[in-house]
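Inside the fold
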Amino acid sequence: MLDTLLQIGKTFREAGRLKHHRYIKPAPVPKKNTTITFLSLPVREDFSFDFDGIKEIPENERELLFYPTFKTGEADGLVKYLFGDICYGLDKNNEELGYYRMGDPNVKAKGFQVSSFYRCEEDAKFFNGKSEIIVRFREVYEVNH
């Protein structure tokens, strides 16, 4: 299944249609007097993170950056993180930007007390025994986030 998704993504990218996909968003463009730092954190073959290899993405490559916005349905209000690139930030008022959300244990609604990663736990179980890449990535991500 993941091979099919990767092939679909490759086809969209090669056709220049990635920016038109419903659940894929382009990286944000900095507004006037705003600084956005784009970082690349390499993932090794064993799915561990190479923190020593972290580097800033050059400005001329940023228009090629996209991130997934996974939802189980249109009415799904929870932001979930399954796998892939993350777009996250804070504005000047400390409001979260991008699609990833950190958990807030002080919020009454239980769904918002945990991060986007944990909000996707039930959906991620679908990939057990079907996609070693997603399963292993999530195991390593959980240890390092």
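Residues numbered from 1 in each chain as written. Predicted model: local features only at pLDDT ≥ 70, side-chain atom pairs only at ≥ 80, totals over all residues. Heavy atoms only, no water.

1. So, unusual backbone geometry
Put simply, the rule reads: The helix and strand labels rest on DSSP assignments: H or I over at least four residues marks a helix, E over at least two residues marks a strand, and numbering proceeds from the N terminus. Accessible area is worked out with a 1.4 Å probe on protein chains only. A residue is then buried under 20% of its type maximum, exposed over 50%, and partly exposed in between.
In this structure, F47 is a non-glycine residue whose phi angle is positive, near 75 degrees. Mapped onto the fold, F47 is located in the loop between β2 (39-40) and β3 (55-56). A residue is classified by how much of its surface remains accessible, and F47, at 17% relative accessible area, is buried.

2. A look at the side chain of R62
The condition that has to hold: Any two residues having at least one pair of non-hydrogen atoms within 4.5 Å are treated as being in contact.
Along the polypeptide, R62 turns up in the loop between β3 and β4 (66-68). Dropping the residues within four chain positions of it, R62 is found in contact with A27, I36, F38, E56 and I57.

3. Focus: the confidence of the model for the protein chain
The following threshold applies: Per-residue confidence from the predictor is reported as pLDDT, which spans 0 to 100.
Averaged over all residues, the pLDDT of the protein chain equals 80, while 79% of them reach at least 70. Averaged pLDDT values over the elements of the protein chain bottom out at 61 in helix α1 (residues 2-14) and peak at 94 in β3.

4. Side note on helix α4 (residues 132-144)
Condition: Here the expected length of a helix is defined as 1.5 Å per residue gap, with one fewer gap than residues.
An ideal rise of 1.5 Å per residue puts 18 Å on 13 residues; α4 measures up with 18 Å between its terminal C-alpha atoms. Every buried residue belonging to α4 is among I134, V135, F137, R138, V140 and Y141, and all of these are buried.

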